[in-house]
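Structural features, examined
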Amino acid sequence: MTADGKKSSKTTNKRIGVFVCHCGKNIAEMVDVKKAADVSKDLEGVVFTTHSNYLCSEPGQKELQEAIKTSKLNAIVCACCSPTLHEETFRSAAENVGMNKYEVEIANIREKCSWVHTNREKATEKAIKIIETKVEKALLNEPLTPASVEVNRTCLIIGAGITGIQAALDVADAGFKVTLVEKSPTIGGHMAQLASTFPTLDCSQCILSPKMSAIAHNENINLITNAEVTSVSGFVGNFKVEIKEYPRYVDPDKCTLCDDCVKVCPVVVPAEFEGGLGPRKAIYMPFPQAVPSVYTLDIDNCLGIHPLICSKCRDACGPEAIDYDMVTKIKNMEFGSIIIATGFDLYDISKIQEYEFGTDVDVIDGIQFERLLSSSGPTSGVVLRPSDHKKPETVVFVQCVGSRDPEHHMAYCSKICCTYTGKHALLLKDLAPDTEVYVFYIDIRAAGRGYEEFIQRAQEKGVIYIRGKPSKIFRDGDKTIIWAANTLTGERLEVEADLVVLAPAMIPSFDTKSISLITKCSLDEYGFFKEAHMKLKPVESLVSGLLVAGTALSPKDIPESVAQGSAAAAKAISILSQPKLYHEPLVSTVDEDKCCGCKVCQSLCPYGAITFDDANKTSVVNEILCEGCGTCVSACASQALILKNLTHKQMEKMIHVALKEEAK
Amino acid sequence: MTKIKLAVAAGSYCGGCDMSIIDLNELLIPIDEVIELQYWQLAADFKIKDVKALKDNEIDITLYHGPIRTSEHAELAHLFRKKSKVLIAYGACSCFGGIPQLANPFTASELLDETYVHGYNMDDSGPNHMRTSSEYKKGRKMTLPKLLDSCLPLSSEVDVDYYVPGCPPVRDQWLVLIDIITNFIKNGELPPKGTVVAGDKARCEECGREKPDEIVINKFLRPYEINPDPEKCLLAQGLICMGPATRAGCGNQCTGDANMPCRGCFGPAPEVDEPGLKMLSAIASIAGAKKEGELGEEGLKKLMDQVVDPFGTFYRFAVPQILMHIKQKKAKEEKSDSVK
């Protein structure tokens, strides 16, 4: 259906083709596609129109390419389904025959027209109007080329728990250099603290330590512990990162791990690794398998790194590995991509005053119980209650502590607590079969391979599951009393326990907020990092090149965290292995002649793409970082910010066409 | 040297624009040397009939103050357009509608009722005391010009060549105007039509205040509620300053020594059609920015409700485009109705 005699648009020299798709009956039933194609013929700049059954099919695309070639089209409008579905299809089809792909416009006449209307005549009218607005836009579209940028082939991973470790190993194995930054003196994260893992009950340390050791020995991995990332700038392929490495006052190259310094250190404090249940010295190694295998001087608890105050450890150190003059090192490095794996913390249970956590020493949390179960723990794997070191006869587990409680605490389900409480109960029953074990739960949520069966195993072993949430836990002499109601039977319960183990909600780790501010990766309502798309981009953030994995995103168990670590690694590798990075050119730009430098746009960009040029006193948009969301455009009162191929002029013309009938 | 013929005419104006010319002081001397006044009621007793007697295009340049508020203003606009080679909209009112255009949301009868019937100091004699015409000699009737339903800029009525914005315009603009006039006399050359005699960027460019990297408003303040830091951006201090949407060229009077936010009298920044809408959009963007989740829809609404008189704040000097369309459409309909 060529309109041969017709000239291209006088003003913009456009030769536009309009392709109306039937989409089987999806569009054709409610929209007169033939009429829509016929009417479009008279629009400015349109030199070719047609309608075809399935434009996205191979023959449909061939037809489109043929038309571009024979009618010398330099812009096309495809009236079909939503651009989220086939925009890329038609863009690449057009690009393959030499047309600029950014001259392809989609007029969505399916989701926004045929599917939502019941009057064929009016729907046709609307479809034509949608096509008209897109033709109007196409007239002013400009051919664009994607911006390209070189890639720095290194990856930064923040956080060395199991997720970060897995990601680091995967990226390093693919042949790329990795820098792994961990805030604490050792890698391993929470997994290193666990006694065993559900549902197979294999020893957590045993499956983790080979990976930790691999990190220590992998030539591609540069491990920086006792360090923090303090600033991130730049963009995908070229992140500039500042890392602050705090002094550990022990030279890892000289230290022979003889333990002499620990013996002489006069300061004893509760060990973080043991959940505060065991002691450590001010100079210490968190646990024997720690990586890097070196002692660390905890400056907050040390009497003072001054020979006049105390220098026992330095004096005791044979190889002279202890150096009190070590200072904080600032490292400025560049990376191609960044993986955030900052993990989780446990909800502060002392906020739940009715549970007396912190005031009653026999009320402990899950991590502390893991340490009690662990053969390398403070009790060498014998469960003793903290108050009098006696074997508890009655142990009560409480689930959903601080989670699934939207009125007071966290609204979400912490996901792993049902299964790990089951694990605790089961292990306890194995260790001391005579112990009376109660589990208070709201619902059992044990989705995952073998998890439900695992809970059943615990129940078969004699663990008593009671559906109900304790209303009050308090100390009464030698015992801790739990008041609860069994919501299945309606009875009121009072349990006298020797030990109470709470399963607190997993919350974002303490540093999540500061990392979010540094990287501009946004957070959700609970403070977890937010993925770019919950289903289709689970480990990507809105900032391109910035990946997030593991419990930094939401509560997860170990297999999921490992899977996400690998997923993020794969995404990082796909960035690092590109010869060059290309970025969609549909971004905003600053008209320097109009920008007055009011700085209103500066802080609004969710991608951190806008900076200020102090010399010219204008804003500058980084094309690689900009995702074309338009936030800055609507904030610019001087109209100096322009979205490419969606300019104010184009918007105005489109609105004009869309409201044409009403204006008459 | 030949002198050019200048006229100064006015619509609904306050007199400030005339004063801005008088205020030029010693600059008036060189101006006086090159011009020959044809009409300026402030300066001498010119009569309209004298202007009517002139040939078409006989006046070289006419400065027109004030918007078109009454039928007389419209007549004057047409008369001076016909008699002048160059017609310049002088002052914010003439350029964009100015303060008088704030009455646009109301019709003429609503305005008259508000003032002359429901006004608090009106007696109970009802609308009868409103007299728009009276007989002053036997058989001779005098009629007041009709109050129009709209109050629109000069360009809504006639073709305008140049714009000199400001409430009122400032001395710096006159320096440019004098250049234009002398160049016209010497070479007969004029700048391109539609030229705005003012800056070519938005106001913030000439404002010396320090602008922080993060401009966010969490509480809106009105000028009387705060003694602003004279060194810091006023928007960042919670005041609605029209700077980003307003054309530069005023010489930083309000935001400078006066320490007051820009009200927008220089009209839209270059190529901005809707300064009010753009500024509203900018304010909405920075109000509670990054706290949207925390504030929620309700909180954001409460925050935006702190903006007192949005129409008077964002559209203080320029008629909104949509209102202009509506008013012009109505006027057209009325005209065609009266023809029928």
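The present account deals with the structure reproduced in this document. (Residues numbered from 1 in each chain as written. Chains lettered and ligands numbered in written order. Predicted model: local features only at pLDDT ≥ 70, side-chain atom pairs only at ≥ 80, totals over all residues. Heavy atoms only, no water.)

1. Description of the overall build of chain A
The number of helices and strands found in chain A is 16 helices and 34 strands. Considered along the principal axes of its C-alpha atoms, chain A spans approximately 100 × 65 × 45 Å. The 664 residues of chain A split such that 54% are buried. Residue pairs at least 24 apart in sequence account for 70% of intrachain contacts in chain A once pairs closer than 6 positions are excluded. Of the roughly 29,300 Å² that chain A leaves accessible, carbon and sulfur atoms contribute 52%. Side chains of chain A give 72 positive and 85 negative charges; the mean places of these two sets differ by 7 Å. (Helix = DSSP H or I, 4+ residues; strand = E, 2+ residues; numbered from the N terminus. Buried < 20%, exposed > 50% of the residue type's maximum accessible area, 1.4 Å probe, protein only. Contact = heavy atoms within 4.5 Å. Areas by Shrake-Rupley, 256 points an atom, 1.4 Å probe, with all protein chains shown as cover. Lys, Arg positive; Asp, Glu negative; His and termini not counted. Charge placed at Lys NZ, Arg CZ, Asp CG, Glu CD.)

2. Quick notes on the state of the cysteines
Residue and element names in this part refer to chain A. Summed over the entire model, instances satisfying the criterion amount to one disulfide over all chains. One disulfide bridge connects C203 with C206, the sulfur atoms lying 2.3 Å from each other. Residues C203 and C206 are joined through a disulfide that is right-handed, its torsion about the S-S bond being 85 degrees. The thiol sulfur of C413 is not disulfide-bonded, and the nearest other cysteine sulfur, from C418, lies at 6.3 Å. The partly exposed category is assigned to C413, whose relative accessible area is 28%. (Disulfide = S-S within 2.5 Å.)

3. A closer look at the sheet that holds strand β20 (residues 363–365) of chain A
Residues and elements named next belong to chain A. Read across the sheet, five strands follow the order β20-β27-β21-β22-β23 without closing on themselves; strand pairing throughout is parallel. Two strands bound the open sheet, and with one partner strand each, they are β20 and β23 (464–467). Averaged over all pairs of adjacent strands, the angle between their axes in this sheet comes to 25 degrees, without regard to strand direction. Helix α9 (residues 366–373) rests against β20, β21 (394–401) and β27 (499–504) of the sheet, and its axis sits at about 90 degrees to β20. (Pairing = 2+ DSSP bridges. Axes fitted to C-alpha atoms, helices over the stretch in contact; angles between N-to-C directions.)

4. Details of helix α11 (residues 451–460) of chain A
All names here are of chain A. Buried within α11 are the following residues: Y451, F454, I455 and A458. Along the axis of α11, the buried residues cluster in a sector spanning 100 degrees; they form a single face. Contact partners of the buried residues in α11: α10 (417–431), β23 and α13 (558–576). Looking one or two residues past α11, G462 carries a phi angle of roughly 105 degrees, positive in sign. (Arc of directions from axis to C-beta.)

5. A short note on the packing of α10(A) against α11(A)
In a pair of packed helices, the angle between the axes and the distance between the axes together describe the arrangement. Residues and elements named next belong to chain A. The interhelical angle for the contact between α10 and α11, taken along N-to-C directions, is 35 degrees, at an axis separation of 9 Å. For the pair α10 and α11, the sense of crossing is left-handed. Between α10 and α11, the contacting residues are C418, T419, G422, K423 and L426 on the first element and Y451, F454, I455, R457 and A458 on the second. Each residue belonging to the contact of α10 with α11 can be placed in one class, and the counts come to six nonpolar, two polar and two charged. (Left-handed = near helix turned anticlockwise from the far one by under 90°. Nonpolar A, V, L, I, M, F, W, Y, C, P; charged D, E, K, R; others polar.)

6. Quick look at the pattern of salt bridges
Pairing is possible between side chains that carry opposite charge, provided their charged atoms lie close to one another. Residue and element names in this part refer to chain A. The final tally for this structure, using the stated rule, is 44 salt bridges over all chains. Here R371 and E274 are joined by a salt bridge, their closest N and O atoms 2.8 Å apart. Here the residue R371 occupies a position in helix α9, and E274 occupies one in the loop between β13 (268–270) and β14 (279–281), the gap between them amounting to 97 residues. Taking relative accessible area as the criterion, R371 reaches 1% and is therefore assigned buried. Of the residues examined, E274 reaches a relative accessible area of 11% and is grouped as buried. Between E560 and K415 there is a salt bridge, with its nearest N and O atoms 2.8 Å apart. Note that E560 is positioned in helix α13 and K415 in the loop between β21 and α10, a separation of 145 residues in sequence. Note on E560: relative accessible area 29%, which makes it partly exposed. Given the relative accessible area of 40%, K415 is considered partly exposed. (Salt bridge = Lys/Arg side-chain N within 4 Å of Asp/Glu carboxyl O.)

7. Focus: the sheet that holds strand β3 (residues 75–80) of chain A
Residue and element names in this part refer to chain A. Strand order in the open sheet made by the four strands is β2-β1-β3-β4, with parallel pairing throughout. At either margin of the open sheet sits one strand with a lone partner, and together these are β2 (46–52) and β4 (104–108). Shown here is a sheet whose adjacent strand axes are inclined to one another by a mean of 15 degrees, direction ignored. By the bridge criterion, six bridges tie strand β1 (residues 16–21) to β2 in an arrangement that is parallel. Within β2, the residue paired with I16 across the bridge is V46.

8. Details of a nonpolar patch on the surface
All names here are of chain A. Together, L646, M651, I655 and L659 give the surface a local cluster of nonpolar side chains, amounting to about 340 Å² of exposed area. By secondary structure assignment, the location of M651 is in helix α15 (residues 648–658). The class for M651 is partly exposed, based on a relative accessible area of 39%. (Patch = residues over 30% accessible without salt bridge, like charges linked within 9 Å, V, L, I, M, F, W, Y side chains within 5 Å.)

9. Topic: the interface of chain A and chain B
On the side of chain B, 26 residues touch chain A, which itself brings 22 residues to the contact. Taking both sides of the interface into account, the surface hidden between chain A and chain B amounts to around 1,900 Å²; carbon and sulfur atoms contribute 52%. There are two salt bridges connecting chain A and chain B. Mapped onto the side of chain A that touches chain B, the elements with two or more residues apiece are α14 (631–635) and α15 of chain A. (Buried area = accessible area lost by both parts, 1.4 Å probe.)

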